[in-house]
Amino acid sequence: MPAGVMIPARNMPSMISGNGNVGGFGTSSGLTLGQPNMMEGQLHPLEMTQNTSESEIARMRDEEFDSTTKSGSENHEGASGDDQDPRPKKKRYHRHTQHQIHEMEAFFKECPHPDDKQRKELGRELGLEPLQVKFWFQNKRTQMKTQHERQENTQLRTENEKLRADNMRFREALSTASCPNCGGPTAVGQMSFDEHHLRLENARLREEIDRISAIAAKYVGKPVVNYPLLSSPMPPRPLDFGAQPGTGEMYGAGDLLRSISAPSEADKPMIIELAVAAMEELIRMAQMGEPLWMTSLDGTTSMLNEEEYIRTFPRGIGPKPTGFKCEASRETAVVIMNHINLVEILMDVHQWSTVFSGIVSKASTLDVLSTGVAGNYNGALQVMTAEFQVPSPLVPTRESYYVRYCKQHAEGTWAVVDVSLDNLRPSPTVRCRRRPSGCLIQEMPNGYSKVTWVEHVEVDDRGVHNLYKQLVSSGHAFGAKRWIATLDRQCERLASVMATNIPTGDVGVITNQDGRKSMLKLAERMVISFCAGVSASTAHTWTTLSGTGADDVRVMTRKSVDDPGRPPGIVLSAATSFWLPVSPKRVFDFLRDENSRSEWDILSNGGVVQEMAHIANGRDTGNCVSLLRSANSSQSNMLILQESCADPTASFVIYAPVDIVAMNVVLNGGDPDYVALLPSGFAILPDGTTASAGGIGDAGSAGSLLTVAFQILVDSVPTAKLSLGSVATVNNLIACTVERIKASLSCENA
């Protein structure tokens, strides 16, 4: 029943007057009650939602009229049975005048939801009762909603037909593919990189089968028959096995994220109950001390007592699956952002994945069960999927399907909690479960906030490379410390965007406010693009080029078409990760310093690199966005945009060549979205050993895990075939860069 519909009270007298006339309800914007004054003060409104259709409103009002008529008929029957009129009673409607309808429609355009005072004033001007005005506006809103939905359905149907036609056209084109030179079937001539990779993989698998067959023959006593080779070669696949330029959708997602859809109506009550219980658990986890949380021997971290946790929280999402490891951590920090803005970032999936781009490789909101109350996110509920990453192709990403719940607990105190919905997941292959995780946010003076972050997951981490095992098992790769350190650094960056008191004395400092914002926005897109393309995300298919050790170079290709933020053509991405026996801080300082760039940057041809402009965006002097120029560069019309940022858990040095004309537009406050970027750079992590527990800022740390990643445009034609020569060139480039970095840092260390 729609909001505001009136029903008669049980002890209400008959609505039939002495002459037998009955007041009725209107069912359109031009109809209203015949005798509204007889009902006023004797009807009770029901608080309901406004989702009821126009036909349901008419049906309910007719039922109310029939019940009222029946009651009146019984009263008349008891008084004078002989005087009853056997003819059926007709409803009498009162139609508004054209003037009344015109005035109310004009008012509706300005205010579709008038309050009691406005309804009374409008009724007085038009000679109508407030109740008549109220029902007219209800009917009008329902009518407008129905028209809007009809238009939306028509538009979606048209788009669906168009997509279906495109799909059929593409299928037909694929089925009739032919050689562009002769018109016949594709020749075997040049072997594509993709086909070459498949042949190598096939040979490796055959060797493994032969080895297993030999072992089986030794124990069984007779050889195992080998699998025969296929007589016909595999048809060549399209070369593009990477992710396409983003359009806001999850392209190339893993089986988990691809198969999940919004929850059904039957599941929603259980989701709400689970979210409420998770919120209670998060608050207690954030506030309790021993014996639930035990302090480590060095006093720097808190460790969860799993036995005490099970005793304290016997309910939840069930026991830990077999083979899974528990990762639980808690961290607290004061950040330079007010609590309201923090809540908005966490509840907006686009802002959240942007701020935490180094941790979140992709995220999507599947359903919004509640948007909150009183104009804010208090009580908001969202069903989401996300993929969490470490910036290295050697660490598998963690996919999660969960509900996010936001609640205000007191004035200035908010909490946001996530909890997995594995029992609703259609796929049984679950490698990561989020027990109640999230943060408690408390308002502080001067626009600051105190954030307590709790991260509690159960995960199957057997796919992690040995090089990163120590870091992942220590909890620093995905734990609360990394989340809180990233948030702290990003809050400083956002504060620098809004800063107005820029010192003008320093050389190269950009003081133009619009230019600062545009350049920082461009650098932000560069960082997001780098982080999204360097991990082992399910959107990527990495191909290993050489060796079997940790220094393997992994490559993938992607086609860039109609993306103003990327140059068009075939882009080859290459990445490798390796260990260095020096602290993360020394590696970071070496790579970000333009004076030492010529020691590792082969493309600078050994020339001097000068900093032309920079924007500081954090407390640390290394956190800045710079514009560099290489003196010996073969391309005089190109500059280098670089962002360097560090926090206690990770640091990045990311750069991209940019056109000097486009950068002048950006520095004058122009739109940075149309500047083509192909970011390359470095991700630096501590190696996870006890000596490196201090993180990036600790100069005495034992070692570093460095990931080097390049993106190079190998062909400006998106439909071209990638040659093995291009792959070899990129492989040599990244291998030489790694060797130069190792040589320079080992000399320093010596």
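Residues numbered from 1 in each chain as written. Predicted model: local features only at pLDDT ≥ 70, side-chain atom pairs only at ≥ 80, totals over all residues. Heavy atoms only, no water.

Caption draft 1: Summary view of the overall build of the protein. Of the regular secondary structure elements, the protein holds 16 helices and 23 strands. Summarising the internal contacts of the protein: among those between residues at least 6 apart in sequence, 68% fall at separations of at least 24. Here the protein has roughly 38200 Å² of accessible surface; of this, 53% comes from carbon and sulfur atoms. (Helix = DSSP H or I, 4+ residues; strand = E, 2+ residues; numbered from the N terminus. Contact = heavy atoms within 4.5 Å. Areas by Shrake-Rupley, 256 points an atom, 1.4 Å probe, with all protein chains shown as cover.)

Caption draft 2: Looking closely at the packing of aromatic side chains. Under the defined criterion, the tally for this structure stands at 12 aromatic pairs. Geometrically, the ring pair formed by Trp352 and Trp483 is stacked, given 6.3 Å between the ring centres and 5° between the ring planes. Separated by 131 residues along the polypeptide, Trp352 in helix H10 (residues 349-355) and Trp483 in helix H12 (residues 480-498) bring together distant segments of the chain. The exposure class of Trp352 is buried, given its relative accessible area of 2%. Taking the centre distance of 4.9 Å and the plane angle of 90° together, the rings of Trp600 and Phe682 count as edge-to-face. Of this pair, Trp600 sits in the loop between helix H14 (584-592) and strand S18 (609-616) while Phe682 sits in strand S22 (residues 680-686); the two residues are 82 residues apart in sequence, bridging distant segments of the chain. The buried category is assigned to Trp600, whose relative accessible area is 0%. By relative accessible area, Phe682 is classed as buried at 0%. Every member of this aromatic cluster is reached through a ring pair, and the members are Trp352, Phe356, Phe388, Trp453 and Trp483. Above the plane of the ring of Tyr655 lies Arg597, whose end atom (NZ or CZ) is 4.3 Å from the centre. (Phe/Tyr/Trp six-rings, centres within 6.5 Å; stacked < 30°, edge-to-face > 60°. Buried < 20%, exposed > 50% of the residue type's maximum accessible area, 1.4 Å probe, protein only. Lys NZ or Arg CZ within 6 Å of the ring centre and 35° of its normal.)

Caption draft 3: Expanded view of helix H2 (residues 98-110). With 13 residues, H2 ought to run about 18 Å at 1.5 Å a step, and its terminal C-alpha atoms sit 19 Å apart, in line with that. Within H2, burial applies to Gln100, Ile101, Met104 and Phe108. Considered in projection along H2, the buried side chains sweep an arc of 95° and stay on one side of the axis. Relative to its buried face, H2 has exposed residues pointing more than 90 degrees away, namely Gln98, His99, His102, Lys109 and Glu110. (Expected span 1.5 Å × (residues − 1). Arc of directions from axis to C-beta.)

Caption draft 4: Expanded view of empty space enclosed by the protein. For the structure on display, the rule yields nine cavities of 30 Å³ or more. Ser357, Arg489, Gln490, Val527 and Glu643 are the residues nearest the centre of the largest cavity, which is lined by 16 residues in total. Mapped onto the lining of the largest cavity, the elements with two or more residues apiece are H10, H12, helix H13 (513-534) and strand S20 (638-646). Structurally, the lining of the largest cavity is a two-domain feature, drawing no fewer than three residues from each of domain 2 (267-497) and domain 3 (504-689 + 701-748). Estimates place the volume of the second largest cavity at around 80 Å³. Residue lining of the second largest cavity: Leu346, Trp352, Arg404, Val416, Asp418, Arg434, Gly438, Cys439, Trp453 and Trp483, and that is the complete set. (1 Å grid on protein atoms, 1.4 Å probe; cavity = no way out; pocket = protein on both sides within 12 Å on 5 of 7 lines; lining within 4 Å. Points joined across faces, edges and corners; volume = space filled by probe spheres on them. Domains from an automatic or database assignment.)

Caption draft 5: Structural context of the sheet that holds strand S16 (residues 554-560). Spatial strand order, S15-S16-S17-S23-S22-S21-S20-S19-S18: nine strands in an open sheet with antiparallel pairing. Taken across any chain shown, the strands that pair with only one partner, and hence form the sheet edges, are strand S15 (543-544) and S18. Pairing geometry for S22 and strand S23 (residues 704-715), over six bridges, is antiparallel. Note that in S23 the partner of Phe682 across the bridge is Val708. Of the strands in this sheet, S18, strand S19 (624-630), S20 and strand S21 (651-659) touch H12, which is tilted by about 130° from S20. (Pairing = 2+ DSSP bridges. Axes fitted to C-alpha atoms, helices over the stretch in contact; angles between N-to-C directions.)

Caption draft 6: Structural detail: helix H9 (residues 339-347). Residues of H9 that are buried include every one of His339, Leu342, Val343, Ile345, Leu346 and Met347, and no others. Where H9 begins, the capping side chain belongs to Asn338, and its oxygen is found 3.0 Å from the backbone nitrogen of Ile340. (Polar contact = N/O pair within 3.5 Å; in protein donor to acceptor, adjacent residues only side chain to side chain.)

Caption draft 7: A look at the packing of H12 against H13. At a closest axis distance of 9 Å, the pairing of H12 and H13 adopts a crossing angle of 150°. Overall, the two elements H12 and H13 adopt an arrangement that is roughly antiparallel. Contacts between H12 and H13 involve Arg493, Ser496, Val497 and Met498 on the former and, on the latter, Gln513, Arg516, Lys517, Leu520, Ala523 and Glu524. Residues belonging to the contact of H12 with H13 are distributed by class as follows: four nonpolar, two polar and four charged. (Parallel < 35°, antiparallel > 145°, perpendicular 65-115°, else oblique. Nonpolar A, V, L, I, M, F, W, Y, C, P; charged D, E, K, R; others polar.)

Caption draft 8: Local environment of the packing of H13 against helix H15 (residues 660-667). Two numbers describe how H13 lies on H15: the axes approach to 7 Å, and their chain directions differ by 130°. Comparing the axis directions of H13 and H15 gives the class oblique. Of the residues in H15, those in contact with Gly515, Ser518, Met519 and Leu522 of H13 are Met663, Val666 and Leu667. Across the contact of H13 with H15, the residue classes tally to five nonpolar, two polar and no charged.

Caption draft 9: Structural detail: the side chain of Ser392. Looking at the element boundaries, Ser392 is found in the loop between strand S9 (381-388) and strand S10 (398-410). Of note is the side chain of Ser392, whose polar atom sits 3.1 Å from the backbone nitrogen of Leu394. Among the polar contacts made by the side chain of Ser392, one reaches the side chain of Tyr468 at a distance of 3.4 Å. Beyond its immediate sequence surroundings of up to four residues, Ser392 is in contact with Tyr468, Val534, Ser535, Ala536, Ser577 and Thr707.

Caption draft 10: Molecular detail of unusual backbone geometry. The residue after Glu290, namely Pro291, is reached through a cis peptide bond having omega 5°. For Pro291, the location among the structural elements is in the loop between helix H7 (268-287) and strand S5 (293-295). Although it is not a glycine, Asn446 adopts a positive phi angle of roughly 65°. Relative to the helices and strands, Asn446 is located in the loop between strand S13 (437-443) and strand S14 (449-459). For Asn446, a relative accessible area of 75% corresponds to the exposed category.

Caption draft 11: Structural detail: the pairing of strand S11 (residues 413-420). The element S11 is largely enclosed, with a buried count of eight among its eight residues. Burial of the side chains of S11 extends over both faces: Thr413, Ala415, Val417 and Val419 are buried on one face and Trp414, Val416, Asp418 and Ser420 on the other. Here S10 runs beside S11; their pairing, made up of eight bridges, is antiparallel. Counted as the bridge partner of Cys406 is Val416 from S11. Remark: two residues form the turn of the hairpin made by S10 and S11, two consecutive strands paired antiparallel; Gly412 in that turn has positive phi of roughly 85°. Both S11 and S13 contribute to a ladder of six bridges, which runs antiparallel. Each bridged residue has a counterpart across the sheet, and for Trp414 the counterpart in S13 is Ile441.

Caption draft 12: Molecular detail of the pattern of salt bridges. The full count for this structure, using the stated rule, is 23 salt bridges. Between Arg119 and Asp116 there is a salt bridge, with its nearest N and O atoms 2.1 Å apart. Of this pair, Arg119 and Asp116 both sit in helix H3 (residues 116-126), three residues apart, which is roughly one turn of the helix. A salt bridge links Arg311 to Glu308; the shortest N-O distance between them is 2.7 Å. One end of the pair is Arg311 and the other is Glu308, both in helix H8 (residues 306-312) and three residues apart, which spans about a single turn. (Salt bridge = Lys/Arg side-chain N within 4 Å of Asp/Glu carboxyl O.)

Caption draft 13: Focus on the nonpolar core. Membership of the largest hydrophobic core comes to 70 residues, with the highest contact counts inside it found for Trp352, Phe356, Phe388, Trp453 and Tyr468. No other element matches H13, which puts nine residues into this core. When residues of this core are assigned to domains, at least three map to each of domain 2 (267-497) and domain 3 (504-689 + 701-748). Setting aside residues up to four positions removed in sequence, Tyr468 forms contacts with Val390, Ser392, Leu394, Val395, Ser577, Leu685, Leu705 and Thr707. If you look at the next biggest cluster of nonpolar residues, it comprises 31 residues, including Phe588, Leu628, Ile684 and Val727. (Core = buried A, V, L, I, M, F, W, Y, C linked by side-chain atoms within 4.5 Å.)

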